[in-house]
Amino acid sequence: MDEREPDGWSSVDESADPSYYTACLEAVTDHEWLARAKRASHMRLDPTEGDAILDVGCGVGADVVALAELVGSTGRVVGVDNSRRMIERAAGRPDPSAGTAAFHVGDAHDLPYRADAFDSCRAERVFQHLADPRAALAELRRVTRPGGLVWVADPDWSTFGLDVPDDGLAERVMDVGLAPARNPRIGRRLRGLFVEAGLCDVELDADAMVWTDPDLVRESFRLEPRLERLRTESELSARRADEWLDTLRRAGERDEFLAVGTAFTVVGTVPDGGTDG
Ligand SMILES: C[S@@+](CC[C@H](N)C(=O)[O-])C[C@H]1O[C@@H](n2cnc3c(N)ncnc32)[C@H](O)[C@@H]1O
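Report follows, based on the coordinates. (Residues numbered from 1 in each chain as written. Predicted model: local features only at pLDDT ≥ 70, side-chain atom pairs only at ≥ 80, totals over all residues.)

### Observations concerning the overall build of the protein
Then, number 1: The number of helices and strands found in the protein is ten helices and seven strands.
Then, number 2: Over its C-alpha trace the protein gives a radius of gyration of 19 Å, about what one expects of a compact globule, namely 19 Å for 277 residues.
Then, number 3: With respect to the principal axes defined by its C-alpha atoms, the protein has extents near 60 × 40 × 35 Å.
Then, number 4: Per-residue burial for the protein yields a buried fraction of 40% across its 277 residues.
Then, number 5: Counted over contacts in the protein with a minimum sequence separation of 6, partners at least 24 positions apart contribute 78%. (Helix = DSSP H or I, 4+ residues; strand = E, 2+ residues; numbered from the N terminus. Rg over C-alpha atoms; globule rule 2.2 N^0.38 Å. Buried ≥ 20, exposed ≤ 12 C-beta atoms within 10 Å, placed from the backbone. Contact = placed C-beta atoms within 7 Å.)

Set out below in structure tokens:
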């Protein structure tokens, strides 16, 4: 399952520029498609007054704060992330739930919580960066009570494409081998992992993600590092790479830019009988 070397998202604090990653999450949070998907994901957990919910790989904490408002003053929503920088940003966020939200540094492969501690658990765009998604899923299952929901969502980077003139270079830039993820095809594998982990009533959704803003795509798809890789590995010149990026920018100005990809969401129920069931 560990297809590739760790990517920047696997260890944000050790990266050359951790603030790139926090800024990246803050920039995409208001993106229309993502905001809608996040709201739907919160409701899919069926949060009710008093629930305890865990968000694994919580990043800058947007989902934790939104969920905290749904579980009322007797509920508890915890965000855990292996990046201290992320957790500091998350904890600095205004919390309208006044104390229902909490943030901890911790690793998805070894969650610092007791068995059955949560009513439901989620991990969004995290499994693509993990060394061992199977082990992490076992942890999500362990900390979720019997009858509780485990929810995981990730893209499949091999489905991503751009609609720009000159498909030749666009296809090379979007090659799955250059995707900013350790497990770029994890999206399509999640359902099988849930079944294998013994979760019940496993449901899969596959949604098309759409972007029309080339600047957002340039940042979050990491187009410049991809072009840099192509430059060092092939005949691509700096001038050609710059011209191509300019083509994207101009397509954006004409409102003709489009990027698409598929996001997979899987939800399953922890069976009665606990972690061995
Ligand atoms: C693409 S971000 C997604 C953040 C957030 N879930 C969201 O949807 O906005 C991936 C997050 O996973 C975290 N992460 C990566 N590896 C992790 C690990 N082993 N344990 C916990 N968090 C991890 C990163 O620090 C980052 O915050």
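### Quick look at helix H2 (residues 32–44)
Then, number 1: In this model H2 runs 18 Å from its N-terminal to its C-terminal C-alpha over 13 residues, within 8% of the 18 Å that 1.5 Å per residue would give.
Then, number 2: Positive phi shows up at Asp-46, right after H2, with a value of about 55 degrees. (Expected span 1.5 Å × (residues − 1).)

### Considerations on the nonpolar core
Then, number 1: Ranked by internal contacts, the top residues of the largest apolar core, which has 54 residues, are Val-64 and Val-150.
Then, number 2: Looking at this core, the element that brings in the most residues is helix H3 (residues 62–68), giving six residues.
Then, number 3: In this view, Val-64 contacts Asp-55, Cys-58, Val-77, Gly-79, Ala-90, Ala-101 and Phe-103; residues no more than four positions away in its chain are not counted. (Core = buried A, V, L, I, M, F, W, Y, C linked by C-beta atoms within 7 Å.)

### Things to note about the environment of His-42
Then, number 1: Structurally, His-42 can be placed in helix H2.
Then, number 2: The class of His-42 is partly exposed, set by 19 C-beta atoms lying within 10 Å.
Then, number 3: As a C-alpha pair, His-42 and Leu-67 span 25 residues in sequence and 6.5 Å in three-dimensional space.
Then, number 4: Here His-42 is in contact with Pro-47, Asp-63, Ala-66, Leu-67 and Leu-70, once residues within four sequence places are set aside.

### Some details on the sheet that holds strand S7 (residues 258–269)
Then, number 1: Read from one edge of the open sheet, seven strands run S3-S2-S1-S4-S5-S7-S6, paired in mixed fashion. Only two strands of the sheet have a single neighbouring strand rather than two, namely strand S3 (101–105) and strand S6 (200–211). Adjacent strand axes in the sheet meet at a mean angle of 15 degrees when their direction is disregarded.
Then, number 2: For strand S5 (residues 144–163) and S7, the ladder comprises eleven bridges, and the chain directions are antiparallel. Within S7, the position partnered with Val-150 by the bridge is Gly-268.
Then, number 3: Sitting on the sheet, helix H4 (residues 84–91) touches strand S2 (76–81) and S3, and the angle it makes with S3 is about 165 degrees. (Pairing = 2+ DSSP bridges. Axes fitted to C-alpha atoms, helices over the stretch in contact; angles between N-to-C directions.)

### Points about the site of the ligand
Then, number 1: Taken together, 20 residues form the shell around the ligand, and within it Gly-57, Gly-59, Asn-82, Ser-83 and Ala-108 come nearest.
Then, number 2: In terms of residue class, the shell around the ligand is built from nine nonpolar, seven polar and four charged. (Near = placed C-beta within 6 Å. Nonpolar A, V, L, I, M, F, W, Y, C, P; charged D, E, K, R; others polar.)

### Regarding the pairing of strand S4 (residues 118–124)
Then, number 1: By the criterion of burial, S4 is predominantly enclosed, with seven of the seven residues buried.
Then, number 2: As paired strands, strand S1 (residues 52–56) and S4 are joined by three bridges and run parallel to one another. Across the sheet, the residue bridging to Ile-53 is Ser-120, located in S4.
Then, number 3: Where S4 lies against S5, six bridges are found, and the strand directions are parallel. Paired with Ala-123 across the bridge in S5 is Val-152.

### Topic: the pairing of S7
Then, number 1: For S6 and S7, the ladder comprises ten bridges, and the chain directions are antiparallel. Pairing of Asp-205 across the sheet is with Thr-265, part of S7.

### Digging into the environment of Leu-248
Then, number 1: Counting through the fold element by element, Leu-248 comes out in helix H10 (residues 238–253).
Then, number 2: For the pair Leu-248 and Ala-259, spaced eleven residues apart in sequence, the C-alpha separation works out to 10 Å.
Then, number 3: With near-sequence residues (within four places) excluded, Leu-248 lies in contact with Val-164, Pro-214, Arg-218 and Phe-257.

### Side note on unusual backbone geometry
Then, number 1: One non-glycine residue, Asp-116, lies in positive phi territory at about 65 degrees.
Then, number 2: By the secondary structure assignment, Asp-116 is in the loop between S3 and S4.
Then, number 3: Owing to 16 C-beta atoms within 10 Å, Asp-116 belongs among the partly exposed residues under this scheme.
Then, number 4: One non-glycine residue, Arg-125, lies in positive phi territory at about 55 degrees.
Then, number 5: For Arg-125, the location among the structural elements is in the loop between S4 and helix H5 (133–143).
Then, number 6: Judged by the 20 C-beta atoms lying within 10 Å of it, Arg-125 is buried.

### Considerations on the environment of Arg-172
Then, number 1: Along the chain, Arg-172 falls in helix H6 (residues 167–173).
Then, number 2: When the C-alpha atoms of Arg-172 and Leu-230 are compared, they prove to be 8.1 Å apart, with 58 residues separating the residues in sequence.

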